[in-house]
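Fold and contact review
Residue strings, one per chain:
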Amino acid sequence: NAGVMQNPRHLVRRRGQEARLRCSPMKGHSHVYWYRQLPEEGLKFMVYLQKENIIDESGMPKERFSAEFPKEGPSILRIQQVVRGDSAAYFCASSPRAGATYEQYFGPGTRLTVT
Amino acid sequence: SQKIEQNSEALNIQEGKTATLTCNYTNYSPAYLQWYRQDPGRGPVFLLLIRENEKEKRKERLKVTFDTTLKQSLFHITASQPADSATYLCALDGPHGGADGLTFGKGTHLIIQP
């Protein structure tokens, strides 16, 4: 059973470009979470999605950031017009059910560098 | 807003000894508390979950305690090994009763000296 997969593992973008980060949850998991980890900072929750629905996006910046989890295919975190401050590691996690009762399975992360 | 504090300084422990990591939280009463391990360049890996009505949880060489009065969790690794060296993250359920993600501490970097 493959774990959570994220791609690309490393992404370099120039200021103003768009970044697309992909996440394939574990088989059978319909709950996906995105987190951002800045250097020397903890993981910060961004958005929680179920298939075709955004459940909670309270941690995601209102502008330039969007997320989706379509019926078919991976979850996508999209950052438009990237700025240097967006440079960070972005982690996706999945779980079989909602709620903090269940552990989350993390992917290896995408390291975004904005030049 | 809820706040989680973990020792920001690295913790150096001699191999074979017990390592104890602390997680303190304020402004919140979580129903669940989780511990994760993170190695450099990798995603966190789940270790243990403890509920508010549980005082202690064990898994092999790992033990977690949860004191809701002190608002503190302790994470113990007994008979520590160099392979246990990593950053350990404490995480609480969010304020929306699970309809959101986990809130993480910044982590404690543990170094087991051979």
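Below or above, wherever it landed, is the structure these notes cover.

A few points about the interface of chain B and chain A
Contacts between chain B and chain A engage 22 residues on the former and 24 residues on the latter. Of the charged contacts in the structure, one is a salt bridge between Lys106 of chain B and Glu41 of chain A, with a shortest N-O distance of 4.0 Å. Summed over the shared surface of chain B and chain A, the result is 4 residue pairs in polar contact (both at pLDDT 80 or more). For the side of chain B that touches chain A, the secondary structure elements donating two or more residues are strand E4 (32–38), strand E5 (45–51), strand E9 (86–93) and strand E10 (102–104) of chain B. With 4 residues, the single largest contributor to the side of chain B that touches chain A is E4 of chain B. Grouping the amino acids of the side of chain B that touches chain A by side-chain chemistry returns 9 nonpolar, 8 polar and 5 charged.

Digging into the sheet that holds strand E7 (residues 62–67) of chain B
Pairing between the strands of a sheet is mediated by backbone hydrogen bonds and can be parallel or antiparallel. All names here are of chain B. Pairing in this open sheet of 5 strands is antiparallel, and the strands run E1-E3-E8-E7-E6 from one edge to the other. Strands with a single pairing partner mark the edges of an open sheet, and in this sheet they are strand E1 (3–6) and strand E6 (56–59). Within the sheet, the average angular offset between the axes of one strand and its neighbour, ignoring direction, is 15°. Alignment of E6 against E7, held across 4 bridges, turns out to be antiparallel. Residue pairing in the sheet places Lys57 in a bridge with Val64 of E7.

Brief notes about the sheet that holds strand E1 (residues 5–7) of chain A
Residues and elements named next belong to chain A. If you walk across this open sheet you meet the 4 strands as E1-E3-E8-E7, and the pairing is antiparallel. Whereas interior strands pair on both sides, the edge strands pair on one side only; in this sheet they are E1 and strand E7 (65–68). In this sheet, adjacent strand axes meet at a mean angle of 15° when their direction is disregarded. Of the pairings in the sheet, the one linking E1 to strand E3 (residues 19–24) comprises 3 bridges and is antiparallel in character. Each bridged residue has a counterpart across the sheet, and for Met5 the counterpart in E3 is Ser24.

Regarding the state of the cysteines
Summed over all chains, the structure comprises 2 disulfides over all chains. In this model Cys23 of chain A forms its disulfide with Cys92 of chain A; the gap between the sulfur atoms is 1.7 Å. Residues Cys23 of chain A and Cys92 of chain A share a disulfide whose torsion about the S-S bond is about -45°; that sign makes it left-handed. A residue pair is termed long-range when its members are at least 10 positions apart, and Cys23 of chain A in strand E3 and Cys92 of chain A in strand E9 (residues 88–95) qualify at 69 residues. With relative accessibility at 0%, the residue Cys92 of chain A sits in the buried group. Here Cys23 of chain B pairs with Cys90 of chain B through a disulfide, and the sulfurs are 1.9 Å apart. Disulfide Cys23 of chain B-Cys90 of chain B: the torsion about the S-S bond is -55°, which places it as left-handed. Residue Cys23 of chain B is found in strand E3 (residues 19–26), and its partner Cys90 of chain B is found in strand E9; the two are separated by 67 residues along the sequence. You'll find Cys23 of chain B and Cys90 of chain B in the same group, each marked buried.

Criteria and cut-off values
Residues numbered from 1 in each chain as written. Chains lettered and ligands numbered in written order. Predicted model: local features only at pLDDT ≥ 70, side-chain atom pairs only at ≥ 80, totals over all residues. Heavy atoms only, no water. Contact = heavy atoms within 4.5 Å. Salt bridge = Lys/Arg side-chain N within 4 Å of Asp/Glu carboxyl O. Polar contact = N/O pair within 3.5 Å; in protein donor to acceptor, adjacent residues only side chain to side chain. Helix = DSSP H or I, 4+ residues; strand = E, 2+ residues; numbered from the N terminus. Nonpolar A, V, L, I, M, F, W, Y, C, P; charged D, E, K, R; others polar. Pairing = 2+ DSSP bridges. Axes fitted to C-alpha atoms, helices over the stretch in contact; angles between N-to-C directions. Disulfide = S-S within 2.5 Å. Buried < 20%, exposed > 50% of the residue type's maximum accessible area, 1.4 Å probe, protein only.

Any functional reading would require information beyond the geometric quantities listed.
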